[in-house]
Every structure is written in C-alpha cells, then in structure tokens.
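These are the residues of each chain, in order.
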Amino acid sequence: MKTVWAAAEGPGSDGPGPDGPGSDGPGPDGGDSLLWYAAYGSNLHAARFACYLYGGRPGGAALRCPGCRDRRPPRLTAALTLPGTLYFAGNSPTWGGGTASYDPAGHGPVPCRGYLLTPGQFSDIAAQEMRRPPGADLDLTRVLATGRDRAGPGRYETLLRVGALGGRPVLTFTSPAGLAGAEVTAPTAAYLRTLGAGLAEAHGWGPWRAAGYLATRPGAAGHWGVGAVAALLGRAGGPGDSSGNRPALKGS
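Keep in mind the model is a prediction, meaning the values are calculated, not measured.

What counts, and at which threshold
- Residues numbered from 1 in each chain as written.
- Predicted model: local features only at pLDDT ≥ 70, side-chain atom pairs only at ≥ 80, totals over all residues.
- Heavy atoms only, no water.
- Helix = DSSP H or I, 4+ residues; strand = E, 2+ residues; numbered from the N terminus.
- Buried < 20%, exposed > 50% of the residue type's maximum accessible area, 1.4 Å probe, protein only.
- Contact = heavy atoms within 4.5 Å.
- Areas by Shrake-Rupley, 256 points an atom, 1.4 Å probe, with all protein chains shown as cover.
- Axes fitted to C-alpha atoms, helices over the stretch in contact; angles between N-to-C directions.
- Parallel < 35°, antiparallel > 145°, perpendicular 65-115°, else oblique.
- Left-handed = near helix turned anticlockwise from the far one by under 90°.
- Nonpolar A, V, L, I, M, F, W, Y, C, P; charged D, E, K, R; others polar.
- Pairing = 2+ DSSP bridges.

We now examine the overall build of the protein chain. A tally of helices and strands in the protein chain yields 6 helices and 9 strands. Put simply, the protein chain has 252 residues, and 54% of those count as buried. Pairs at least 24 residues apart make up 70% of the contacts formed inside the protein chain by residues separated by at least 6 positions. In the form shown here, the protein chain has an accessible surface area of approximately 10100 Å², with 54% of it arising from carbon and sulfur atoms.

Shown next as structure tokens:
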C-alpha cells in the first residue's frame, strides 16, 4: 500500500491538489470520484480495516464483517491529524466495551489514518460500523456542502467534512451528541491493542506514546493506567484476522 504522510487542511479548504487548488482533474484514482475517509478508531489498523473492505473477523472481535461491494484497495493512505477529542463510549457487541468517537469541538490533536476510497466504499464502511448490510450509497451532498449531515440516529451516522487533502474532501463519521452528551465507558484490551497497532502503523508511535494518548482519553481515563496500556501494547504483535482467510491490503 502506498502511503502519503500529510496533514489535512482545515475544514472548507480545497487543498493544493495534484492539479491545483480544488481540482477534480485526473489524479491517482484513474478518473473515479474519490474521497478521503479519516479513521480515528480501530480502522487506524490496516488489518482491521481490511475486514471492512474484504470481509472477515478482526482479531479480538466477536463479529464478522461482510465487506464492501467494491473490494479494491485504497488508492492511497495518509497519516492525518485533526483537531478535536477522541473519547470512548457505548458498549460494542463487537469489542465488548466502549468504542472511539470523535468530537471536533474538543481540544487537542486526534491522530487519524486517511484512506482514499470511492463514495460507495465509504458508504459500505459506514453501514458496517452500524452493523447494517452494505449496499446503499449515502447522499453526501449536504456534508460536502455544509461540513455536517446526520444520515441517521446511530452512533456513527453523523457525517463530518473535516478538511481536504490533494483536492479531495476528507470525511469521517461520529456520534451526534459529542463528548458533552456521551456516557463514556472503558474500552477493552483487544480494542486498545487494535488502536495501538494502528497508531504504530500510521504514525510510528511506540507503546509508551500510544499508551499516554489512549489511557488519557475520556472513558479510558480512570480505568486504564498508562503503564498498563503500554504493557498491553508492548506484548501485542498487532491483531489480525482470526478467520485465517483475509487478504492483506494491496498497493495500487
């Protein structure tokens, strides 16, 4: 997989683009309409994200993902950093504890991983996050025009346009309530291992730096100590697909 190390420009920016500011001209996509998906939770980790693309069950997870209709790999990936706060909330049937949400109104950087995808792939990943079958394209008109749209009532159905990179919009999804309206809950060890592996892959963070970030996020703070998370990440070789038949992400 080819990787671009870059930071997303701020919301509303068109970015420099391969063909000039705001260009929709040909780029690395071969003519397709593409967008960047900014992953801040378990999809930081390529093996976990591959289950959403190709189908499979992530290591440490209870549920299997059906995969996308379009199983082509991301055209590019990028290490991104967004303003805001990451927090853990809810009770995931996949992981058994709190999962990551993003509050753009919070303070502090949020390390992310960008995947350059088709709108259909983005729609199918969003559907799987809500444990729905893939197959319906999201209407992205409003989020691209205004920066925000609520596609449904679920935790990952609030769509955000958080910036642009290379002339392509950067989108993500999160909870509508934000941190102020959330009931934070502690994440499980398996979930933290997945995030730690993703931070190592995308940003080159070692166990202690990743632990200092994860253990101090709302929901984890007070339940996980930095040393305990560092030990957890230091032992982890990185979770994969326990089904044994998930293909690796391939470069384009």
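Look at helix H4 (residues 189-203) against helix H5 (residues 207-214): their axes get within 10 Å of each other, and the N-to-C directions meet at 125 degrees. Considering their axes alone, H4 and H5 lie oblique with respect to each other. With respect to the hand of their crossing, H4 and H5 are arranged in right-handed fashion. Along its contact with H4, which presents Leu-192, Leu-195, Gly-196 and Leu-199, the element H5 presents Ala-210, Tyr-213 and Leu-214. Residue classes in the contact of H4 with H5 are distributed as 6 nonpolar, 1 polar and no charged.

A few words now on the pairing of strand S6 (residues 109-117). Where burial is concerned, most of S6 is hidden: 8 out of the 9 residues are buried. Bridge analysis of strand S2 (residues 35-39) against S6 gives 5 bridges, and the strand direction is antiparallel. Across the sheet, Tyr-37 pairs through a bridge with Tyr-115, a residue of S6. Of the strand pairs in this sheet, strand S3 (residues 77-83) and S6 are connected by 7 bridges, and their pairing is antiparallel. Its bridge partner lying in S6, Leu-80 is registered against Cys-112.

With that out of the way, let us pick up the pairing of strand S8 (residues 158-165). Counting buried positions along S8 gives 8 out of 8 residues, so the element sits mostly inside the fold. Bridge analysis of S8 against strand S9 (residues 168-174) gives 7 bridges, and the strand direction is antiparallel. Residue pairing across strands places Leu-165 opposite Arg-168, the latter belonging to S9. Remark: 2 residues form the turn of the hairpin made by S8 and S9, two consecutive strands paired antiparallel; Gly-166 in that turn has positive phi of roughly 60 degrees.

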